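Coordinates in review
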Amino acid sequence: MRRKLLAAGLAGFAAAAALAGPAAADTTGDTIVTLTVNAAGGLSITVPATANIGNGVEGTTISGQLGPVTVLDQRGSLTPNWTVTVVSTDFVTGGGTSGETIPADNVSYWSGPATGTAGTGTYTPGQLTAAQAVVIDTPKTAFSKTGGTGNNFATWNPTLLVDVPDGTVEGVYTGTVTHSVV
C-alpha cells in the first residue's frame, strides 16, 4: 500500500510539474558585434603636369596660374590633418649660364582660396591674396587642413610670379615647382 501511495504521489507531482510549465527562462540575449572600417586609400596630391604662365621681357614680372592642385585624403583618420609645401627650382634656358638662368629666389607663389573642399575641418590657404605671395626658393606652406574627421579633399589654383632679371637672354625657360603633402 505504501508503494501505491508513493507511486500515486509521484504521479501527482509529475502531473503538477507538467501543468506548471517550464521554469522561468532568461528573456534576453546579447550578441557583441564587431566590424572593421578600412581606409579607402592614403594621402595623395595631384598637380598639373605642365603649365605655361606666359611671356614678358627682362625687368618685368611674368605671372599666371599653374592649374588645379588637389589633395585627396582617404586615410579615414580621426585626425586627418595635412600640410602642403611648395618649392621651385631655378628657371633655365640653353646652357643655363648666368644670363640663361632665372634664380629660384625670383619665383613667388600664392595659393589663393580653395576652389573646392569636402569633409569636415578647417582648410587654410598659405597665401590667400597676391599681396601675401611668398618667394619659394625654399619650401613654404601652400595649403593646410586641420580638425575634422574622416576623408576629405581640397583644390586650389595657385599663381606663380617670376621676376625676370635685367640681363636675362631671350629663350623658353623651364623650371620645376614641387608640391609635397604630409
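Here goes a summary of the coordinates provided.

1. Some remarks on the sheet that holds strand S12 (residues 152-156)
Here four strands make up an open sheet; going across it, the order is S1-S3-S12-S8 and the pairing antiparallel. Of all strands in the sheet, those with a lone pairing partner are strand S1 (43-46) and strand S8 (114-118), marking the two edges. Sheet twist, expressed as the mean angle between neighbouring strand axes with direction ignored, is 10°. Where S1 meets strand S3 (residues 69-73), four bridges bridge the pair, whose relative direction is antiparallel. Bridging from a neighbouring strand, Thr46 pairs with Thr70 of S3.

2. Some details on the side chain of Thr70
Along the chain, the position of Thr70 falls in strand S3. At 2.8 Å, the side chain of Thr70 and the side chain of Thr155 are in polar contact. Ignoring sequence-local partners within four residues, the contact set of Thr70 consists of Ser44, Ile45, Thr46, Phe153, Ala154 and Thr155.

3. Topic: the layout of surface pockets
Rolled over the atoms, a probe sized like a water molecule indicates the empty space that remains. Taken as a whole, the largest pocket holds about 850 Å³ of empty space. Surrounding the largest pocket, 31 residues form its lining, Ala51, Ile53, Phe91, Tyr173 and Thr174 being those nearest its centre. Going through the elements one at a time, strand S13 (159-163) and strand S14 (177-181) are the ones with two or more residues in the lining of the largest pocket. Tallied by class, the residues present in the lining of the largest pocket amount to 18 nonpolar, eleven polar and two charged.

4. Things to note about the pattern of salt bridges
The full count for this structure, using the stated rule, is two salt bridges. Residues Asp73 and Arg75 are paired through a salt bridge, measuring 2.7 Å at the closest nitrogen-oxygen approach. You can call Asp73 buried: its relative accessible area is 0%. Asp137 is the salt-bridge partner of Lys140, the closest N and O atoms lying 4.0 Å from each other. Look at Asp137 and you get partly exposed, because its relative accessible area is 36%.

5. A closer look at the nonpolar core
Counting residues in each nonpolar core, the largest one holds 23 residues, and the members touching the most others are Trp82, Val84, Tyr109, Trp156 and Leu160. Going through the elements one at a time, S3, strand S4 (82-88), strand S7 (107-110), strand S11 (140-146), S12 and S13 are the ones with two or more residues in this core. Per element, the largest residue contribution to this core is three residues, and it comes from S4.

6. Some points on the packing of aromatic side chains
This model, assessed by the stated rule, comprises one aromatic pair. Seen from their ring centres, Phe143 and Trp156 are 4.4 Å apart, and the 15° between their planes marks the pair as stacked. Of this pair, Phe143 sits in strand S11 while Trp156 sits in strand S12, placing them 13 residues apart in sequence. Accessibility expressed as a relative area gives 0% for Trp156, which makes it buried.

7. Thoughts on the sheet that holds strand S9 (residues 122-125)
Read across the sheet, four strands follow the order S9-S11-S4-S14 without closing on themselves; strand pairing throughout is antiparallel. Taken across any chain shown, the strands that pair with only one partner, and hence form the sheet edges, are S9 and S14. Across this sheet, the average inter-strand angle for adjacent strands is 15°, counted without regard to direction. Sheet topology places S4 next to S14; five bridges connect them, and they run antiparallel. Opposite Val87, over in S14, you have Thr178 as the bridge partner.

8. As for the side chain of Thr159
The residue Thr159 is located in strand S13 in this model. Given the relative accessible area of 10%, Thr159 is considered buried. Excluding its chain neighbours within four sequence positions, the residues that come into contact with Thr159 are Ser63, Gly64, Gln65, Ser108, Tyr109 and Trp110.

Here is what the cut-offs are and how they apply
Residues numbered from 1 in each chain as written. Predicted model: local features only at pLDDT ≥ 70, side-chain atom pairs only at ≥ 80, totals over all residues. Heavy atoms only, no water. Pairing = 2+ DSSP bridges. Helix = DSSP H or I, 4+ residues; strand = E, 2+ residues; numbered from the N terminus. Axes fitted to C-alpha atoms, helices over the stretch in contact; angles between N-to-C directions. Polar contact = N/O pair within 3.5 Å; in protein donor to acceptor, adjacent residues only side chain to side chain. Contact = heavy atoms within 4.5 Å. 1 Å grid on protein atoms, 1.4 Å probe; cavity = no way out; pocket = protein on both sides within 12 Å on 5 of 7 lines; lining within 4 Å. Points joined across faces, edges and corners; volume = space filled by probe spheres on them. Nonpolar A, V, L, I, M, F, W, Y, C, P; charged D, E, K, R; others polar. Salt bridge = Lys/Arg side-chain N within 4 Å of Asp/Glu carboxyl O. Buried < 20%, exposed > 50% of the residue type's maximum accessible area, 1.4 Å probe, protein only. Core = buried A, V, L, I, M, F, W, Y, C linked by side-chain atoms within 4.5 Å. Phe/Tyr/Trp six-rings, centres within 6.5 Å; stacked < 30°, edge-to-face > 60°.

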